[in-house]
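Structure assessment
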Amino acid sequence: MAMGYLLLTVVMMAVQWDKLVSAEEMVKGRLQFVLVTLAAWGVYRLVPCRLTMFLRIAVQMVFLSWWYPDTYELNRTLPNLDHVFAGWEQTVFGCQPALLFSEKVPWGWFSELMCMGYVSYFPLMTVLILYYFVKRYEEFQRAAFVMIGSFFIYYVVFILLPVTGPQFYYLATGTDQIAAGIFPNLGDWFLTHSERMATPGWNEGPFHQLLHIAHNAGERPTAAFPSSHVGITTIVMLLALHTRSRRLTLCMLPFYVLMCFATVYILAHYAIDALAGLVTGAVFYFVLMRISRER
């Protein structure tokens, strides 16, 4: 899956090479990825065991955070589509839920719950993959395949659909226009701009601070539709249900619910992005699980 995605993006890079802002850095990053992946594979071939298999999969999961901002480098050469999705949001809900949610519920304790739910994204995945490794090793590779494969499918969608989400689009257009139901077409604005709105809520809250650090480290004006945060955590929950561990599922459930609401509250996604994440997450899970069974 990883090498297939790499080859696909190399083709995309070749097609729009003259438009890429950091083409050489992207090539260097891919070469490093190949070397590390081959090294992990070589170690496994020399010493095939659980530990080296875990190393191979851990390497790919760590690289997922590198591939994410890379989608911005490829999709920012395309016309921005936020005006279309914000318009659909207005048609479906009659308002902009992302704009109103934090205004209607501004309390510090609530914003901390939302931020906690959002920053639980990677911990939830880590707990699940470790559970499969320790408790259900016979399906460890299957769970990793479903999770990592879903990420790469989402990344392809993000490249082809350049939607940034409210935190970038609202700032670029002005919230007064958004509140008035006016959604300007920004064209190639995000080719050279990556400023985003501040996360609403209690600025001094510990989870708010963690979210701020995470956003500064890897957030880019990309990957809004569908919400991979909702989609991947939906897959995590379905994989948790697959283990038939009631304790694991119940421990993860509150964070999953908070995640679904948090994506809209913190302005990362439109509400239709979250709904699309629910649907696509379930679809990717069942499709990739079936592929893994057939193999």
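A short tour of the structure in this document, coming up.

The rules behind these values
Residues numbered from 1 in each chain as written. Predicted model: local features only at pLDDT ≥ 70, side-chain atom pairs only at ≥ 80, totals over all residues. Heavy atoms only, no water. Helix = DSSP H or I, 4+ residues; strand = E, 2+ residues; numbered from the N terminus. Buried < 20%, exposed > 50% of the residue type's maximum accessible area, 1.4 Å probe, protein only. Core = buried A, V, L, I, M, F, W, Y, C linked by side-chain atoms within 4.5 Å. Contact = heavy atoms within 4.5 Å. Expected span 1.5 Å × (residues − 1). Axes fitted to C-alpha atoms, helices over the stretch in contact; angles between N-to-C directions. Parallel < 35°, antiparallel > 145°, perpendicular 65-115°, else oblique. Nonpolar A, V, L, I, M, F, W, Y, C, P; charged D, E, K, R; others polar. 1 Å grid on protein atoms, 1.4 Å probe; cavity = no way out; pocket = protein on both sides within 12 Å on 5 of 7 lines; lining within 4 Å. Points joined across faces, edges and corners; volume = space filled by probe spheres on them. Salt bridge = Lys/Arg side-chain N within 4 Å of Asp/Glu carboxyl O.

Here we take up unusual backbone geometry. Looking along the chain, the bond that leaves F225 and enters P226 is cis, with omega of -15 degrees. On the secondary structure map, P226 appears in the loop between α11 (206–218) and α12 (228–242). Phi at A223 is positive, roughly 65 degrees, even though this residue is not glycine. The exposure class assigned to A223 is buried, which follows from its relative accessible area of 5%. With a phi close to 75 degrees, L267 is a non-glycine residue in the positive phi region. Residue placement: L267 occurs in the loop between α13 (246–265) and α14 (271–294). We classify L267 as buried; its relative accessible area is 6%.

On to the nonpolar core, then. Taken as a class, soluble globular proteins show a tendency for nonpolar side chains to be buried jointly. Counting 88 residues, the largest nonpolar core has L128, Y155, Y170 and L239 as the members making the most contacts within it. Ranked by the residues each element gives to this core, the list is headed by helix α8 (residues 140–160), at 13 residues. Sequence-distant contacts of Y155, defined by excluding residues within four places in its chain, comprise Y5, L64, W67, Y68 and T71.

On to helix α7 (residues 121–135), then. A rise of 1.5 Å per residue sets the reference length of α7, with its 15 residues, at 21 Å; its end C-alpha atoms lie 21 Å apart and thus fit the reference within 8%. Buried residues belonging to α7 abut α3 (50–75), α6 (108–119), α8, α12 and α13.

Now for helix α2 (residues 23–46). Between its first and last C-alpha atoms α2 spans 35 Å; for 24 residues at 1.5 Å apiece the expected length is 34 Å, and the two agree. Along α2, the residues that are buried comprise A23, M26, G29, R30, F33, T37 and A40. Close packing links the buried residues of α2 with α1 (2–15) and α3.

The geometry of α6 relative to α7 is characterised by a closest axis approach of 4 Å and an angle of 45 degrees between their N-to-C directions. Classed by the angle they form, the pair α6 and α7 counts as oblique. Listed contacts from α7 to G117, Y118 and V119 of α6 are Y121, F122 and P123. Residues belonging to the contact of α6 with α7 are distributed by class as follows: 5 nonpolar, 1 polar and no charged.

So, about empty space enclosed by the protein. With the rule as written, the count across this model stands at 1 cavity of 30 Å³ or more. Taken as a whole, the largest cavity holds about 60 Å³ of empty space. As for the largest cavity, its lining consists of N75, R76, L78, N80, P162, T164, G187, D188, W189, F190, L191 and P221. The residue makeup of the lining of the largest cavity, split by class, is 6 nonpolar, 4 polar and 2 charged.

Bringing the packing of helix α4 (residues 82–93) against α14 into the picture now. Where α4 contacts α14, the axes come no closer than 9 Å and their chain directions differ by 85 degrees. Taken together, the axes of α4 and α14 are roughly perpendicular relative to one another. Where α4 abuts α14, its residues F85, W88, E89, V92 and F93 lie against A271, I272 and L275. Class assignment of the residues belonging to the contact of α4 with α14 gives a composition of 7 nonpolar, no polar and 1 charged.

Our next topic: the pattern of salt bridges. Tallying each qualifying case throughout the model produces 5 salt bridges. Ionic pairing is found between R76 and E73, a salt bridge with its closest N-O pair at 2.7 Å. Each member of the pair, R76 as well as E73, is classed as buried. A salt bridge links E139 to R136; the shortest N-O distance between them is 2.6 Å. Note on R136: relative accessible area 18%, which makes it buried. One network of salt bridges, with partners in common, ties together R136, E139 and R142.

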